[in-house]
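Read off the chains here:
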Amino acid sequence: MSRSTQSRGILREVQPINNSNTNVQNSGPVKARSKAKSGKNGGSKCAKHAQAGAFELSNEEWKSKLTAEEYAVLREGRTEDANTGKYVAHVGNGMYMCAGCGVDLYESTHKFEYACGWPAFHSNRVNAVKRVDVSKGNGPKKVEIRCTGCDGHLGHVFQSKRYPGPNNERHCVNSVALRFAPLSE
Ligand SMILES: [Zn+2]
């Protein structure tokens, strides 16, 4: 099954934050998954829909597709409790996809250990994640990250020289927003 996360749709996306240095090149061609595990709701079942910018559902449709927890995070922007997500300490060779639409968001090589209570990634798949500045007034800068495919809320992105990777970034992502698909040998 060949699929691509690239589509013409993503070219329309406006990314308000200065992101000249935020999208890294893929480290190499990603092998096709022969056995992408889809979760309870078959998030990646429909390859046609698993394209950036191509997935739009009504709230009612989302409610029937997602679990209550997934809906609260992806569609309402809630945050799961720290240290409760299944991918916080998860390791494995594969791909973290959007639990809403199945777009490939993060490769396992992007993940790093960080004791914050949520999965941490230093980079994202090219054009898979968009950023929205949600800073309030003169408060600290706060940038939300959303799936480019379905506009689902993923978490937030922070910058610090302490973080590994080429962008000094930490994508703090709710496990509920993700679905892991191991790469076969
Ligand atoms: Zn999505």
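Throughout this description, residue numbers start from 1 for each chain and increase along the sequence as written. The predicted origin of the model limits local features to residues at a pLDDT of at least 70 and limits the giving and counting of side-chain atom pairs to 80 or more, whereas totals for whole chains, interfaces and linings rest on all residues.

### Side note on the nonpolar core
Nonpolar side chains tend to gather and get buried jointly when the protein is soluble and globular.
Phase 1 of the analysis: Residues Met97, Cys98, Leu105, Cys147, Ala177 and Leu178 are the most contacted members of the largest nonpolar core, which totals 30 residues.
Phase 2 of the analysis: Put simply, DSSP H or I for four residues or longer makes a helix, DSSP E for two residues or longer makes a strand, and each gets a number counted from the N terminus. If you list the elements that add at least two residues to this core, you get helix H2 (68-74), strand E1 (94-98), strand E2 (104-107), strand E4 (120-121), strand E6 (143-147), strand E7 (153-159) and strand E9 (178-182).
Phase 3 of the analysis: The dominant element in this core, judged by the number of residues it contributes, is E1, at 4 residues.
Phase 4 of the analysis: A residue pair is marked as a contact if its C-beta atoms, positioned from the backbone, fall within 7 Å. Contacts of Cys98, omitting those with residues within four sequence positions, involve Val103, Leu105, Cys147, Gly149, Cys150, Gly152 and Ala177. The term nonpolar core refers to a set of buried Ala, Val, Leu, Ile, Met, Phe, Trp, Tyr and Cys residues connected through C-beta atoms within 7 Å. Counting other C-beta atoms within 10 Å of a residue's C-beta gives its exposure: the residue is buried at 20 or more, exposed at 12 or fewer, and partly exposed in between, where C-beta atoms are placed from the backbone.

### A few points about the environment of Lys130
Phase 1 of the analysis: Inspection of the secondary structure assignment puts Lys130 in strand E5 (residues 129-133).
Phase 2 of the analysis: You can call Lys130 buried: it has 23 C-beta atoms within 10 Å.

### Points about the pairing of E7
Phase 1 of the analysis: By the bridge criterion, 4 bridges tie E6 to E7 in an arrangement that is antiparallel. Across the sheet, Val143 pairs through a bridge with Val157, a residue of E7.
Phase 2 of the analysis: Strands qualify as paired when DSSP identifies two bridges or more between them. A loop of 5 residues connects E6 with E7, the two strands running antiparallel in sequence, and Asp151 in this loop sits at a positive phi of about 65 degrees.
Phase 3 of the analysis: Inspection of the sheet shows E7 paired to strand E8 (residues 169-173) by 5 bridges, in the antiparallel sense. By the bridge assignment for E8, Val157 is matched with His171.

### A word on the sheet that holds E9
Phase 1 of the analysis: Pairing in this open sheet of 3 strands is antiparallel, and the strands run E2-E1-E9 from one edge to the other. If you trace the sheet from one side to the other, it starts and ends with E2 and E9, each paired once. Looking at each pair of strands side by side, their axes are set apart by 30 degrees on average, direction ignored.
Phase 2 of the analysis: In the sheet, E1 pairs with E2 via 3 bridges, with the strands oriented antiparallel. Looking at the pairing, Met95 lines up with Glu107 of E2. To obtain each axis, a line is fitted to C-alpha atoms, and for helices this fit is confined to the stretch in contact; angles are then taken between N-to-C directions over 0 to 180 degrees.

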